[in-house]
Amino acid sequence: METIERFKNKLKIIKDFVDFLWARKLWWLIPMVLVLLLIGLVLIMAQGSVIAPFIYTLF
């Protein structure tokens, strides 16, 4: 039960952040934030794989 509440809190933080960007007319930042999150996710996922040296050469 506690993990479900923690997950809901994390989703609420994301929703609040998007609402903040939208209310301040900073909606154009949303794609940049998503790209940064995607790059971070790729780096985290590739950390233990055999493709890690190839990804690190891109940056």
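Here the structure is a predicted model, which means the values were calculated and not measured. (Residues numbered from 1 in each chain as written. Predicted model: local features only at pLDDT ≥ 70, side-chain atom pairs only at ≥ 80, totals over all residues. Heavy atoms only, no water.)

(A) Highlighting the environment of Leu 29. On the secondary structure map, Leu 29 appears in the loop between helix H1 (2-23) and helix H2 (30-45). By relative accessible area, Leu 29 is classed as partly exposed at 24%. Put simply, Leu 29 and Ile 39 are ten residues apart on the chain and 16 Å apart in space, counted from C-alpha to C-alpha. (Helix = DSSP H or I, 4+ residues; strand = E, 2+ residues; numbered from the N terminus. Buried < 20%, exposed > 50% of the residue type's maximum accessible area, 1.4 Å probe, protein only.)

(B) Looking closely at the packing of aromatic side chains. Following the criterion strictly, the structure yields one aromatic pair and no others. The interplanar angle of 50° and the centroid separation of 6.3 Å between the aromatic rings of Trp 22 and Trp 27 together place this pair among those described as tilted. A residue is classified by how much of its surface remains accessible, and Trp 22, at 56% relative accessible area, is exposed. Exposure remark for Trp 27: the relative accessible area of 47% places this residue in the partly exposed category. (Phe/Tyr/Trp six-rings, centres within 6.5 Å; stacked < 30°, edge-to-face > 60°.)

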